[in-house]
Amino acid sequence: MLRSSGSPSPISCERRKKAKLLKILPVVSSIIVLWGMAGFFMDGEDEGTQTVDLMVVLGGGLAGERLQLACKLFEQGHGKKGVVLTGRNVETLVVDRARFIEGCGVPKDALRQWPEVSNSYQEMVAVKGALKQDGLNSAIIVSDALHMPRLKYLRDRLSLGDRVVFRHSRLGDRYDAVYFFHVIKFWFREPLAYAWYRLRY
C-alpha cells in the first residue's frame, strides 16, 4: 500500500525528535551547571572575636562536621552557658550526635537538646525564644556553609540582628563514595531550599 503524501514518514519523525532533543539538551545542561555553581556562592559566616555564651548546633548534618567545629568553638570559650543540639540526635553518617560531641570535648552537663524543632525556621524561632527566656544577649549558631544564605535571611526576617552570629563548617573531609554521594545531593538541594524559604517565610 502506498503511503499518503500528506503523512510524514517514520524516519522524518525520528529526525524531528532528535533535532528537538539536541535543542533542549544545551538548555538543560546549562541549568544543571548554573545550579551546581550556585553552591560556590552559598557561604558567608560572620566575623567576630568576642565569646558567646549560648551555642546552637543545627541538626541535619552529614558526618559530624558541625559537631567538630562546635568543639573547637567551645575550646575558644563559646557556649559556656549551654551547647544546644537541635532536631534529631543523628546525622546522615553519625548515629549519636550527643556522644560524638562529648567525645570531641563538650562536657555532658553543658549539652541541651531541642528535638521538637525540625527545620531552619523553627530553629531560628527557638533561638530567639531562648535568648529572651534566658536573658542572654547573643548566640552563636553552627551549621554548614551552604546553609548561610538561608539562615541570614531568617535572621533578618526575625529581626535578630547582631544577637545571632553564624559560624560555618565545611563539607569534604572524606573521600569515600557514600560520603561523596551525600555531599552532591546536599550541594544541589540547598539552592532550592534557599529559594523555597524566601517564598514561604
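Every value quoted in this text rests on a predicted model; they were computed, and no experiment measured them.

A. Representation of the state of the cysteines within the structure. Scanning the model with the defined rule gives 1 disulfide in all. Across the disulfide from Cys71 sits Cys104; the S-S distance is 1.8 Å. Disulfide Cys71-Cys104: the torsion about the S-S bond is 60 degrees, which places it as right-handed. Of the two residues, Cys71 sits in helix H2 (residues 65-75) while Cys104 sits in the loop between helix H3 (97-103) and strand S3 (111-114), which places them 33 residues apart along the sequence. Classification of Cys71 as buried rests on a relative accessible area of 3%. Judged by its relative accessible area of 24%, Cys104 is partly exposed.

B. Layout of the packing of helix H4 (residues 120-134) against helix H5 (residues 148-157). Two elements in contact, H4 and H5, have axes whose closest approach is 10 Å; the angle formed by their N-to-C orientations is 45 degrees. With respect to their mutual orientation, H4 and H5 come out oblique. As for the relative orientation of H4 and H5, their crossing is right-handed in sense. Every residue of H5 that contacts H4 at Ser120, Tyr121 and Met124 is listed here: Arg150, Leu151, Leu154 and Arg155. Its residues assigned to classes, the contact of H4 with H5 comprises 4 nonpolar, 1 polar and 2 charged.

C. Molecular detail of unusual backbone geometry. One non-glycine residue, Ser159, lies in the positive phi region at around 55 degrees. Secondary-structure assignment places Ser159 in the loop between H5 and strand S5 (164-169). Given the relative accessible area of 62%, Ser159 is considered exposed.

D. Region of interest: the side chain of Ser169. Checked against the element boundaries, Ser169 lands in strand S5. Residue Ser169 is classed as buried on the basis of its relative accessible area of 5%.

E. Representation of the packing of aromatic side chains within the structure. Under the counting rule described, the total for this entry stands at 2 aromatic pairs. Measuring from ring centre to ring centre gives 4.2 Å for Tyr121 and Tyr201, while their planes differ by 5 degrees; the resulting arrangement is stacked. With Tyr121 in helix H4 and Tyr201 in the segment after helix H6 (177-200), the pair connects residues that are 80 residues apart, well separated along the chain. For the pair Tyr197 and Tyr201, a centre-to-centre distance of 5.2 Å together with 45 degrees between the ring planes defines the contact as tilted. A relative accessible area of 8% means that Tyr197 is categorised as buried. Each residue in the set Tyr121, Tyr197 and Tyr201 is aromatic and connected to the rest through ring pairs, giving one cluster. Here the basic side chain of Lys80 rests over the ring of Phe74, its NZ or CZ set 3.8 Å away from the ring centre.

F. Structural context of the environment of Pro115. Tracing the backbone shows Pro115 in the loop between S3 and H4. C-alpha of Pro115 to C-alpha of Gly59: the two residues are 56 residues apart in sequence and 9.1 Å apart in space.

G. Fine view of H4. Taking 1.5 Å per residue, 15 residues should reach 21 Å; H4 reaches 21 Å between its end C-alpha atoms and fits that length. The set of residues buried in H4 consists of Ser120, Glu123, Met124, Ala126, Val127, Ala130 and Leu131. Summarising the axial view, the buried residues of H4 lie within an arc of 155 degrees, below the 170-degree limit, and thus occupy one face. Opposite the buried face of H4, by more than 90 degrees, sit the exposed residues Lys132 and Gln133. Its side-chain oxygen at 3.1 Å from the backbone nitrogen of Tyr121, Asn119 defines the N-terminal cap of H4. Immediately downstream of H4, the backbone of Gly135 shows phi near 70 degrees, a positive value.

Rules used throughout
Residues numbered from 1 in each chain as written. Predicted model: local features only at pLDDT ≥ 70, side-chain atom pairs only at ≥ 80, totals over all residues. Heavy atoms only, no water. Disulfide = S-S within 2.5 Å. Helix = DSSP H or I, 4+ residues; strand = E, 2+ residues; numbered from the N terminus. Buried < 20%, exposed > 50% of the residue type's maximum accessible area, 1.4 Å probe, protein only. Axes fitted to C-alpha atoms, helices over the stretch in contact; angles between N-to-C directions. Parallel < 35°, antiparallel > 145°, perpendicular 65-115°, else oblique. Left-handed = near helix turned anticlockwise from the far one by under 90°. Contact = heavy atoms within 4.5 Å. Nonpolar A, V, L, I, M, F, W, Y, C, P; charged D, E, K, R; others polar. Phe/Tyr/Trp six-rings, centres within 6.5 Å; stacked < 30°, edge-to-face > 60°. Lys NZ or Arg CZ within 6 Å of the ring centre and 35° of its normal. Expected span 1.5 Å × (residues − 1). Arc of directions from axis to C-beta. Polar contact = N/O pair within 3.5 Å; in protein donor to acceptor, adjacent residues only side chain to side chain.

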